[in-house]
Amino acid sequence: MHVTVTPLQDRYGRVATDLRISLTDRCNLRCSYCMPAEGLDWLPTDEVLTDDEVVRLVDIGVRLLGVEEVRFTGGEPLVRRGLVDIVRRTREVGPGLELSLTTNALGLARTAEALSDAGLDRVNVSLDTVRRETFETITRRDRLHDVLAGLAAARDAGLTPVKVNAVLLRDINDGEAPELLRWAVGEGYQLRFIEQMPLDAQHDWSRAAMVTAEEIFERLGTQFDLTPAAEPRGSAPAELFLVDGGPATVGVIASVTRPFCGDCDRVRLTADGQVRNCLFAREESDLRTALRSGATDEEIAQRWVVAMRGKRAGHGIDDPSFLQPDRPMSAIGG
Ligand code: SF4
């Protein structure tokens, strides 16, 4: 049967092909820039999409809407029961998909092999330090050793390139940037520094306290020679640099000071089945209710297409009128 693919295009001409799906809003760390130390209500279980619903939405995305890349996120996707099976079924409906996972790597040592066998291509691991005390300060948990074991298991299972995403926090780990890069290069991981965005649950973010890309370059420049890598950036947010002439690279994602919204190809689905056309969207479009009230695949696809049209030109963090989204990152999906 002939199927017509309708691209997820917004009114600025951008087409979303990269689908990020949050599988849970729960996490087993409590990073200070993401969640408060205590309290933060989780989504009720019956509001979270079931495995079947997730796979159905992936299938609609791939078959009817031109989705080419799927990344599972959270919260922490490894705490989702049935993750390996979701990955396997996603691979079945999208044999050509680029399929990855954003994770804190806790417990990855146990599942990396199974995830790779199920069809996962690679992982992005969030890690901001390789010092045990700093890790505990940032995440409020003493689990650095588990993360390092998870990273090694991912590499051994062929979930490569293993990317490590780091956020620098002023007076906490901003002095550790060169040390982190030296470690990543030695381990064969691709390190990317990301400017911290205003997505914390407790709304503590401040532009003045944020460590900028410019500062990151300065700090790395004291110990490394960084030259722009030849690869075109395209819609990839990281600007890549060769470390001491290469082949190792480091990425800098200047999400706030040099936004890349003009090339954005992303769309997000929250764990409770809401389409968010941008990380900073103020509106969502409810696919879960449609799924649960008997809508056809075509009707759901149509709803999704309409949701994309309202995507704004950019995040507007520097606008005086900027409003942080109500949902924190843990509930949106990174
Ligand atoms: S802020 Fe929104 S438009 Fe900009 S890159 Fe992120 S998701 Fe895309």
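That block above? That's the structure.
Residues numbered from 1 in each chain as written. Predicted model: local features only at pLDDT ≥ 70, side-chain atom pairs only at ≥ 80, totals over all residues. Heavy atoms only, no water.

Draft legend 1. Quick look at the nonpolar core. F72, F193 and W304 are the most contacted members of the largest nonpolar core, which has 84 residues in total. In contact with F72, other than residues within four places in its own chain, are I21, L23, V54, P77, I86, V87, T90, L99, S100, L101 and T102. Ranked by size, the runner-up nonpolar core spans 11 residues in total, among them W205, M210, L279 and A281. (Core = buried A, V, L, I, M, F, W, Y, C linked by side-chain atoms within 4.5 Å. Buried < 20%, exposed > 50% of the residue type's maximum accessible area, 1.4 Å probe, protein only. Contact = heavy atoms within 4.5 Å.)

Draft legend 2. Region of the structure containing helix α9 (residues 297-309). With 13 residues, α9 ought to run about 18 Å at 1.5 Å a step, and its terminal C-alpha atoms sit 19 Å apart, in line with that. Looking only at α9, the buried set comprises D297, I300, A301, W304, V305, A307 and M308. The arc that holds every buried residue of α9, seen down its axis, measures 160°, which confines them to one face. (Helix = DSSP H or I, 4+ residues; strand = E, 2+ residues; numbered from the N terminus. Expected span 1.5 Å × (residues − 1). Arc of directions from axis to C-beta.)

Draft legend 3. Region of interest: the pairing of strand β12 (residues 266-269). Burial along β12 is two-sided: R266 and R268 and V267 and L269, pointing in opposite directions, are all buried. Sheet topology note: the strand β3 (residues 18-22)/β12 ladder contains 4 bridges and is parallel. The residue bridging I21 from the neighbouring strand is L269, located in β12. Pairing between β12 and strand β13 (residues 274-276): 2 bridges, direction antiparallel. Note on β13: the bridge partner recorded for L269 is V275. Taking the residues between adjacent antiparallel strands as the criterion, β12 and β13 are bridged by 4 residues, where G273 takes a positive phi near 80°. (Pairing = 2+ DSSP bridges.)

Draft legend 4. Layout of the sheet that holds strand β11 (residues 249-253). A sheet is described by the order of its strands in space; here 12 strands give the open sequence β9-β10-β11-β8-β7-β6-β5-β4-β3-β12-β13-β14, paired in mixed fashion. Of all strands in the sheet, those with a lone pairing partner are β9 (226-228) and β14 (285-286), marking the two edges.

Draft legend 5. Seen up close, unusual backbone geometry. Here the amide bond leading from G74 into G75 is cis, since omega sits at 20°, within 30 degrees of zero. Note the cis peptide between G246 and P247, where omega equals 5°. Mapping P247 onto the fold places it in the loop between β10 (239-243) and β11. Residue A105 is not a glycine yet carries a positive backbone phi of 75°. Take A105: it is sitting in the loop between β5 (98-103) and α3 (108-118). A positive phi is found at D244, a non-glycine position, where the angle reads about 50°.

Nothing here speaks to function; it is all geometry.
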